[in-house]
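Spelled out, the chains give:
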Amino acid sequence: MTSMIQPQSGIMDIALYEGGAAHVEGKTNVLKLSSNENPLGPSDSAREAFSRAVHDLHRYPNTDHRALRTAIGEVWGLNPDQIICGVGSDEIIHFLCQAYAGPRDQVIHTEHGFAMYRISALAAGATPVEVPERDRMTDVDAILKACNKKTKLVFLANPNNPTGTMIGPTEIRRLAEGLPPQALLVLDGAYAEYVDGYDAGAALVHERNNVVITRTFSKIYGLGGLRVGWGYGPREIIDVLNRIRGPFNLSTAALVTAEAAVRDTAWVRKCRTENAKWRDWLARTLAEMGVPSDIATANFVLARFADQADADACDAHLRSEGIIVRRVVGYKLPHCLRITVGDEASCRRVAHAIGQYKGLR
Ligand SMILES: *Cc1c(COP(=O)(O)O)cnc(C)c1O
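Read on for an overview of the structure. (Residues numbered from 1 in each chain as written. Predicted model: local features only at pLDDT ≥ 70, side-chain atom pairs only at ≥ 80, totals over all residues. Heavy atoms only, no water.)

## Overview of the environment of A296
Alright, step 1. You can see A296 is positioned in the loop between helix 10 (265–288) and strand 9 (300–304).
Alright, step 2. A296 gets classed as buried once you look at its relative accessible area, which sits at 15%.
Alright, step 3. Between the alpha carbons of A296 and A276 there is a distance of 9.2 Å; along the sequence they are 20 residues apart. (Helix = DSSP H or I, 4+ residues; strand = E, 2+ residues; numbered from the N terminus. Buried < 20%, exposed > 50% of the residue type's maximum accessible area, 1.4 Å probe, protein only.)

## Regarding the packing of aromatic side chains
Alright, step 1. With the rule as written, the count across this model stands at six aromatic pairs.
Alright, step 2. Relative to Y117, the ring of F114 lies with its centre 5.7 Å away and its plane at 75 degrees, an arrangement referred to as edge-to-face.
Alright, step 3. The class of F114 is buried, set by a relative accessible area of 14%.
Alright, step 4. For the pair W278 and W281, a centre-to-centre distance of 5.6 Å together with 65 degrees between the ring planes defines the contact as edge-to-face. Of this pair, W278 and W281 both sit in helix 10, separated by three residues, roughly a single helical turn. Accessibility assignment for this pair places W278 and W281 in one class, buried.
Alright, step 5. Here the aromatic residues F114, Y117 and F155 are joined through ring pairs into a cluster of three or more.
Alright, step 6. Sitting over the face of the ring of F300, R338 holds its NZ or CZ atom 5.6 Å from the ring centroid.
Alright, step 7. The side chain of R348 reaches across the aromatic face of W281, ending 5.1 Å from its centre. (Phe/Tyr/Trp six-rings, centres within 6.5 Å; stacked < 30°, edge-to-face > 60°. Lys NZ or Arg CZ within 6 Å of the ring centre and 35° of its normal.)

## A word on helix 2 (residues 66–76)
Alright, step 1. Taken together, the buried positions of helix 2 are occupied by L68, R69, A71, I72 and G73.
Alright, step 2. Elements in contact with the buried residues of helix 2: strand 2 (83–86), strand 8 (229–232) and helix 9 (252–263).
Alright, step 3. Positioned one or two residues after helix 2, G77 has a phi angle of 70 degrees, which is positive. (Contact = heavy atoms within 4.5 Å.)

## Here we look at the sheet that holds strand 12 (residues 336–340)
Alright, step 1. Across the sheet, which stays open at both edges, the three strands sit in the order 9-12-11 with antiparallel pairing between neighbours. In this open sheet, the two strands that pair with only one neighbour each are strand 9 and strand 11 (326–327).
Alright, step 2. Inspection of the sheet shows strand 9 paired to strand 12 by five bridges, in the antiparallel sense. Bridge assignment links A303 to a residue of strand 12, and that residue is L337.
Alright, step 3. Across the face of the sheet, helix 10 comes into contact with strand 9 and strand 12 while running at roughly 10 degrees to strand 9. (Pairing = 2+ DSSP bridges. Axes fitted to C-alpha atoms, helices over the stretch in contact; angles between N-to-C directions.)

## Thoughts on the site of the ligand
Alright, step 1. Around the ligand, a shell composed of 14 residues is seen, among which D188, Y191, T216, S218 and K219 lie nearest.
Alright, step 2. At 2.5 Å, a side-chain N or O of T216 approaches an oxygen atom of the ligand.
Alright, step 3. In the environment of the ligand, an oxygen atom lies 2.7 Å from a nitrogen or oxygen atom belonging to the side chain of R227.
Alright, step 4. Coverage of the ligand by the protein chains reaches 93% of its 390 Å² of free accessible surface.
Alright, step 5. If one sorts the elements of the shell around the ligand by residue count, helix 3 (residues 88–100) sits on top with three residues.
Alright, step 6. Partitioning the shell around the ligand into residue classes produces five nonpolar, five polar and four charged. (Near = heavy atom within 4 Å. Polar contact = N/O pair within 3.5 Å; in protein donor to acceptor, adjacent residues only side chain to side chain. Areas by Shrake-Rupley, 256 points an atom, 1.4 Å probe, with all protein chains shown as cover. Nonpolar A, V, L, I, M, F, W, Y, C, P; charged D, E, K, R; others polar.)

Interpretation note: all reported values are geometric properties and have no functional meaning in isolation.
As structure tokens, this is what we get:
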């Protein structure tokens, strides 16, 4: 007999999210390049803030996040009243789906888009709609074509993960302008800091009422283990999201560490420069070995192989060398491997191993 106790429809359609692997059986000195983490970690000032937080562990955290929102506002030139902080940007994505999409509504994401969009849409009872890309590039016309009266949210990561490509401000604006009136554009800027001079869409938030951006401390700030992200949008929308946010969603340690991290702009600059240098070296070196990739704009390279068997075989060789990269079969890129840009030694190590696989070394 089937139980009368059943979850909301859509929940059982969610496939469990698989994080980047961290271990290889029987290997020590494993190199993890599977989760787009900053190889340099957080800044010293962030580490110190985290250590100091030990003295306040018995206190409940602040609920309005004012100090962190003020710091973010100062650094990025944004209005703190239009910022909401969450347990990673994952939580902001979740709030957006909970608040704006439900049964019979549609939530658009791109063909190779981040898995959390689909998961959060299904969790809210809405229907995820996948839109094709053009050669691993966001296709604004295809997104606009997929829109209809049921479209409530359009999620776009720019730069995108796992493709690493991005579209320019003119295309983003065209997308925001072309959406139906009931639809909200969510620009996921998880990798925005890797693109020098990019505002992640903040100017569009100021100009329009249908754009929200999400940001994270998990990538360039080196704080993936802490779980802090934030969103920026029209005041009415941030007000809605705050109504479903748990008052104590961020711990004191998370709040003070993120605040120190965002204020350390010199560290962010250093990480951006190092990343660009070794990303471009890695992409060039792999291309010379016959492993091409698109122009990468974030902190990873999407290496393309002949087919899935070739990508599988290369992945197996890398594992035998203690190197973990990301398979992206679930992202409809079975012939690709996503490789996070590590420090110099890590980039040289993974390039050397791929060279071995290709029979070049
Ligand atoms: C890594 C990543 C995030 C960050 O998620 P957090 O919950 O903030 O750690 C968000 N969006 C994309 C596309 C990502 O790749």
